[in-house]
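Spelled out from the first residue to the last, the chains are:
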Amino acid sequence: QVQLVESGGGLAQPGGSLRLSCAASRTIDSINVMSWYRQAPGKERELVATIGSSGVTNYADSVKGRFIISRTNAKNTVYLQMSSLKLEDTAVYFCRARVLFTLYWGQGTQVTVSS
């Protein structure tokens, strides 16, 4: 069992930055993949970025070059550094952990980009 708690969401202006954190209730070095997803109003939940246990990362095309996913095993935490924010980045951001064939989700944190 893994509990995930996201934090760091809030209001940002276009071009601004935010850093999201996802704290896990257990050591993440045994978690196969950790990911960030987002869901905008009226839209499907979409993958933003993933990081494997080896540190390999992948990004959605829409955030490449602007977002960076990282993990600190010592703190059982995964981060999403978001820069050059756009209006279309507004969404609820969710953290997800995959342990073998089981998925765990956090409760989400709201990110609003507005001028």
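Calculation rules
- What you see as residue numbers is a count from 1 along each chain, following the sequence as written.
- Residue-level local features of this predicted model are given only where pLDDT is at least 70; pairs of side-chain atoms are given and counted only at 80 or more, and the full residue set underlies all totals for whole chains, interfaces and linings.
- The side-chain quantities take in all heavy atoms of the structure and omit both hydrogens and water.
- Numbered from the N terminus, helices here are DSSP runs of H or I no shorter than four residues, and strands are runs of E no shorter than two.
- Accessible area is worked out with a 1.4 Å probe on protein chains only. A residue is then buried under 20% of its type maximum, exposed over 50%, and partly exposed in between.
- Polar contacts, as used here, are pairs of N or O atoms within 3.5 Å; protein pairs need one atom able to donate a hydrogen and one able to accept it. Residues neighboring in sequence count only if both atoms are side-chain atoms.
- We call two residues in contact when some of their heavy atoms are within 4.5 Å.
- By convention, a stacked pair of Phe, Tyr or Trp rings (six-membered ring in the case of Trp) has centres within 6.5 Å and planes under 30 degrees apart, an edge-to-face pair has planes over 60 apart, and any other such pair is tilted.
- Sitting over a ring, as applied to charges here, requires NZ of Lys or CZ of Arg to be within 6 Å of the ring centre and within 35 degrees of the ring normal.
- Salt-bridge detection follows one rule: a side-chain nitrogen of Lys or Arg within 4 Å of a carboxyl oxygen of Asp or Glu.

A.B. asks: I'd like a description of the side chain of Arg71, backed by residues and values.
C.D. replies: Tracing the backbone shows Arg71 in strand β7 (residues 67-72). Taking relative accessible area as the criterion, Arg71 reaches 16% and is therefore assigned buried. Polar contacts involving the side chain of Arg71 include one to the main-chain carbonyl oxygen of Gly52, which spans 2.8 Å. Setting aside its immediate chain neighbours within four residues, Arg71 contacts Ile28, Asp29, Ile31, Ile51, Gly52, Ser53, Thr77 and Val78.

A.B. asks: Summarise the packing of aromatic side chains; cite the residues concerned and give the values.
C.D. replies: The geometry of an aromatic ring pair is captured by two quantities: the separation of the ring centres and the angle between the planes. Applying the stated criterion across every chain yields a total of two aromatic pairs. Their ring planes at 65° and their centres at 5.0 Å tell us that Tyr37 and Trp105 sit as a pair that is edge-to-face. Of this pair, Tyr37 sits in strand β4 (residues 33-39) while Trp105 is found in strand β10 (residues 102-105), placing the two residues 68 residues apart along the sequence. Overall, the relative accessible area of 14% leaves Tyr37 in the buried class. Overall, Trp105 belongs to the partly exposed group, its relative accessible area being 35%. Among the aromatic residues, those joined into a ring-pair cluster are Tyr37, Phe94 and Trp105. Here the guanidinium or amino end of Arg45 rests over the ring plane of Phe94, the centre of that ring lying 3.7 Å away. Geometry around Trp105 places Arg45 over its ring, the cationic atom sitting 4.7 Å from the centre.

A.B. asks: Give me the pattern of salt bridges: which residues, what numbers.
C.D. replies: Within this structure, the stated rule accounts for four salt bridges. Between Arg38 and Glu46 there is a salt bridge, with the nearest N and O atoms lying 2.7 Å from each other. A relative accessible area of 5% places Arg38 in the buried class. Look at Glu46 and you get partly exposed, because its relative accessible area is 36%. A salt bridge links Asp89 to Arg38; its shortest N-O distance comes to 2.9 Å. Here the residue Asp89 occupies a position in the loop between β8 (77-82) and β9 (91-99), and Arg38 occupies one in strand β4, the gap between them amounting to 51 residues. Each member of the salt-bridge network shares a partner with another, and the members are Arg38, Glu46, Arg66 and Asp89.

A.B. asks: Describe unusual backbone geometry, naming the residues involved and giving the relevant values.
C.D. replies: You will see that Ser84, though not glycine, has its phi angle at about 50°, which is positive. Take Ser84: it is sitting in the loop between β8 and β9. A relative accessible area of 42% places Ser84 in the partly exposed class. The residue Leu100 is not glycine, and still its phi comes out positive at about 55°. Structurally, Leu100 can be placed in the loop between β9 and β10.

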